[in-house]
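# Breakdown of the fold
For reference, the chains in residue letters:
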Amino acid sequence: MTLELVLFIVLAAVAIAGALSLILARHPIRSALSLIVVMVALAGLYLLQGADFIAAVQVIVYAGAIMVLFVFVIMLLNAGEEERTSWSRMARYAGLPLAIYLTVQFAWWVADGASALALPAAPAESEPTRRLAQLLFREFVLPFELTAILILVAILGTVVLGRRES
Amino acid sequence: MVSPSYYLTLSAILFGLGVIGFLFKRNIITLFMSIELMLNAVNLAFVTFSRQWGELSGQVYVFFVIIVAAAEAAVGLAIILLLARNRQTLNVERINLLKL
Amino acid sequence: MTLFEAYPLLLVALVKTGILLFLALTAVAYLSWFERKVVGHIQSRLGPYRVGPHGLLQPLADGLKFLFKEGVEPQGADRLVYYLAPFLALSLALSGLAVIPFGPAEIEIFGVRTTLAVAEVELGLLFLFAITALGVYGVALAGWASNSKYALMGGLRSSAQMISYEISLTLSVIGVVLLAGSFNLREIVAAQQGYWFGAVPRWFLLPQLVGFLCYFTSAIAETNRAPFDLPEAETELVAGFHTEYSSFQFAMFFMAEYTAMVIASCLATLLFLGGWESPLPTTGAFAWTVYLPTVVLGGGGALLLVDALRHHRGFARGVLALLGALLGGAAWAVAQPMILPLVQGPFWFLTKVFLLLFVYVWVRGTLPRFRYDKLMAFGWKVLLPVATLNALVTALVVLLRESGGLAGVLR
């Protein structure tokens, strides 16, 4: 058993447990915490696959900025526990089993299809971060600049939405 | 080296859990978080394929997905704040009228 | 690598982690003593003086007190999150220390070759930013879980402040990353080797002076220290996010804050002050500077021995004489030709970190607290544009230099 496999199993178990806890938790703060755990575990999986920069971005932007925003809003709204609503009979008896069946089936299809994939033959890049930067600022420079505009529009939209009408 | 199929299966499971969360949760903020979970699952698949084919552009896509998710979270949470201010509830089943 | 082959590596990492944890926690405890002393003298007081000579045993007494106090849990608190928050804050702060290299060379102890860092992370700088980014949760969750108005206000304020200043913190070091061309802390230090005109160290402090000032200001805000300690402004919010915490949970927040200070100072040293590089060339007329560690330690030991004579109580005399003798012994040890080259790096590194920590305390003792709206306005309207401009100008200079002037860029 290699060290990588042990780490994969641990991180995968943490990620799945976090995702389950996101669904099962009644309080939104608990759900947010679970999602942060999933994100950090995924960052570990990215590291295992040699995607160091993406792992760092995942923790800095996703776990450190986006999820802080979620936690912030939950705290600001003082959101309480989720309300229980009465489900229709069909949803109660057929919904959950069907959803679980579909998830398992989906995972099965992917596992089945991906099992044919061989282990990667291409050697890992010697300086992946440098290469990534070159890709971002040469081949993908137009999409990159477009995301800058997207972020700007998002900021403007947030400011307009968040403003109190006087 | 761990086979890429393991990573892809994990990605599929996480995506499915995200779908379940989106369908079954009632709090609009948690719904939003389920979407983020699905995006994360997709990112894992991107990174795995990036390693599989030795093609770093897969990681560039992850980068873009994260940026779009950040923009989406900012606008989405602003909308949720407005909703909560106007309707006094976060339960999506009570937010079912276009006009008050 | 199979699991079996990995055991020795894991063992070495475990030992290094243990040593670092012990040193860090001791340093943090005495940092609180140091801060109280310095702030005391700034305000014409003596600071702690009762427990041991010069209050040297005060941190020990404080620690014991924290351990034996009753932990109070507020009514209606979310138990899991309430106990998770201080743990999260402290463990994140301590794990940041793991990637900081304290010296240049590989050392060999008991036949094990290892470096002076717990983990050699390729993207060390990004790892530290990731840790800092997660640090917000300790504070925000503590405020929320306490089920108290003051704590919630403090938690909200601090998360807003930390997210805002994190942006200028990250932007202010972009210049250094551009100049060094790497996220690796060792490579960044290596890029600062050498001297201009034979005597001025090629630290990034000079070309990145604006970046350094932005970094240090944001770091003070990021660690919630005065004059930006709005999250715990006692005149408005009792104690901010940790109002409801007592006993060891409080101590954990306390240690997390001081560890964050140490990490911010270490990072500033690595990025702007040349890390473990000596400020003076070690050749020619300055060759004697390799004995500076001996001089400093020996001088300190002598001072303590003289001071022991002034004291009247036998206990104080004994403690001071023992400390003086220990320092003297250390001074003798580091002068040995075998150890001499090994201590150069850590000596300069720790000296610079200590100076920056002094500045931290100095700022706290001197400047009045900001008002909250002014703090946010300063972060967004002054610090962020300046840091962005600094990054842009540096990028332009690096571009011109790498492509050989304007003609090379346009081509």
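Coordinates for the structure precede this section.
Residues numbered from 1 in each chain as written. Chains lettered and ligands numbered in written order. Predicted model: local features only at pLDDT ≥ 70, side-chain atom pairs only at ≥ 80, totals over all residues. Heavy atoms only, no water.

All names here are of chain C. Under the criterion given, the structure shown has 27 aromatic pairs over all chains. When the ring of phenylalanine 66 is compared with that of phenylalanine 250, the centres are 5.5 Å apart and the planes differ by 50°; the resulting orientation is tilted. Placement of phenylalanine 66 in helix H2 (residues 58-68) and of phenylalanine 250 in helix H9 (residues 247-272) is noted, with a sequence separation of 184 residues between them. Classification of phenylalanine 66 by relative accessible area gives buried; the value is 18%. Its relative accessible area of 21% is what places phenylalanine 250 among the partly exposed residues. (Phe/Tyr/Trp six-rings, centres within 6.5 Å; stacked < 30°, edge-to-face > 60°. Helix = DSSP H or I, 4+ residues; strand = E, 2+ residues; numbered from the N terminus. Buried < 20%, exposed > 50% of the residue type's maximum accessible area, 1.4 Å probe, protein only.)

Our focus in this paragraph is the arrangement of the chains. By contact count, the dominant pairing among the two pairs of chains in contact is that of chains A and B. Between chain B and chain C there is no contact, and the shortest C-alpha to C-alpha distance separating them is 9 Å. (Contact = heavy atoms within 4.5 Å.)

To continue, consider the environment of C:Val173. Residues and elements named next belong to chain C. Note that valine 173 resides in helix H5 (residues 149-180). For the pair valine 173 and alanine 160, spaced 13 residues apart in the sequence, the C-alpha separation amounts to 21 Å. If sequence neighbours within four positions are ignored, valine 173 has contacts with Leu125, Phe129, Tyr215, Leu271 and Phe272.

Moving on: empty space enclosed by the protein. All names here are of chain C. In this structure the tally under the stated criterion is one cavity of 30 Å³ or more. Taken together, 25 residues form the lining of the largest cavity, with Thr132, Met162, Glu222, Thr223 and Ala260 sitting closest to its centre. Along the lines of polarity and charge, the residues of the lining of the largest cavity split into 18 nonpolar, four polar and three charged. (1 Å grid on protein atoms, 1.4 Å probe; cavity = no way out; pocket = protein on both sides within 12 Å on 5 of 7 lines; lining within 4 Å. Points joined across faces, edges and corners; volume = space filled by probe spheres on them. Nonpolar A, V, L, I, M, F, W, Y, C, P; charged D, E, K, R; others polar.)

Chain A puts 25 residues into the contact, and the matching count from chain C is 28 residues. Here chain A and chain C share an interface that buries about 2300 Å² over both sides, 79% of which is from carbon and sulfur atoms. It is A:Leu3, A:Ile60 and A:Met75 that lose the most area in chain A upon contact with chain C, and together they represent 25% of the buried surface on that side. There are zero salt bridges connecting chain A and chain C. Scanning the region where chain A abuts chain C turns up three residue pairs in polar contact (both at pLDDT 80 or more). If you list the elements that add at least two residues to the side of chain A that touches chain C, you get helix H1 (3-24), helix H2 (28-48), helix H3 (52-77) and helix H5 (128-137) of chain A. Top element by residues in the side of chain A that touches chain C is H3(A). It accounts for 13 residues. Grouping the amino acids of the side of chain A that touches chain C by side-chain chemistry returns 18 nonpolar, four polar and three charged. (Buried area = accessible area lost by both parts, 1.4 Å probe. Salt bridge = Lys/Arg side-chain N within 4 Å of Asp/Glu carboxyl O. Polar contact = N/O pair within 3.5 Å; in protein donor to acceptor, adjacent residues only side chain to side chain.)

In this section: H5(A). Among the residues of H5(A), A:Leu132, A:Leu135 and A:Leu136 are the ones counted as buried. The buried residues of H5(A) occupy an angular sector of 95° when the element is viewed end-on, so they sit on one face. Among the structural elements, H3 and helix H6 (141-162) of chain A together with helix H3 (57-87) of chain B are those in contact with the buried residues of H5(A). (Arc of directions from axis to C-beta.)

Listed as interface residues are 70 residues of chain B and, on the opposing side, 76 residues of chain A. Together, the buried faces of chain B and chain A total about 6800 Å²; carbon and sulfur atoms form 78% of this surface. Inspection of the region where chain B meets chain A yields one salt bridge. A salt bridge links B:Arg51 to A:Glu4, with the shortest nitrogen-to-oxygen separation between them at 3.8 Å. On the surface where chain B and chain A come into contact, there are six residue pairs in polar contact (both at pLDDT 80 or more). Taken together, the elements giving at least two residues each to the side of chain B that touches chain A come down to helix H1 (4-24), helix H2 (28-52) and H3 of chain B. Of the residues in the side of chain B that touches chain A, the class split is 46 nonpolar, 17 polar and seven charged.

Our next topic: the pattern of salt bridges. All names here are of chain C. Per the stated rule, a full pass over the model turns up seven salt bridges over all chains. Among the ionic pairs, arginine 225 bridges to glutamate 35, the shortest N-O distance being 2.4 Å. One end of the pair, arginine 225, is in the loop between helix H7 (209-222) and helix H8 (234-237); the other, glutamate 35, is in helix H1 (residues 3-42), with 190 residues separating them in the sequence. Its relative accessible area of 3% is what places arginine 225 among the buried residues. In this structure glutamate 35 comes out as buried when scored by relative accessible area, which is 2%. The network of salt bridges with common partners includes Glu35, Arg225, Glu257 and Arg364.

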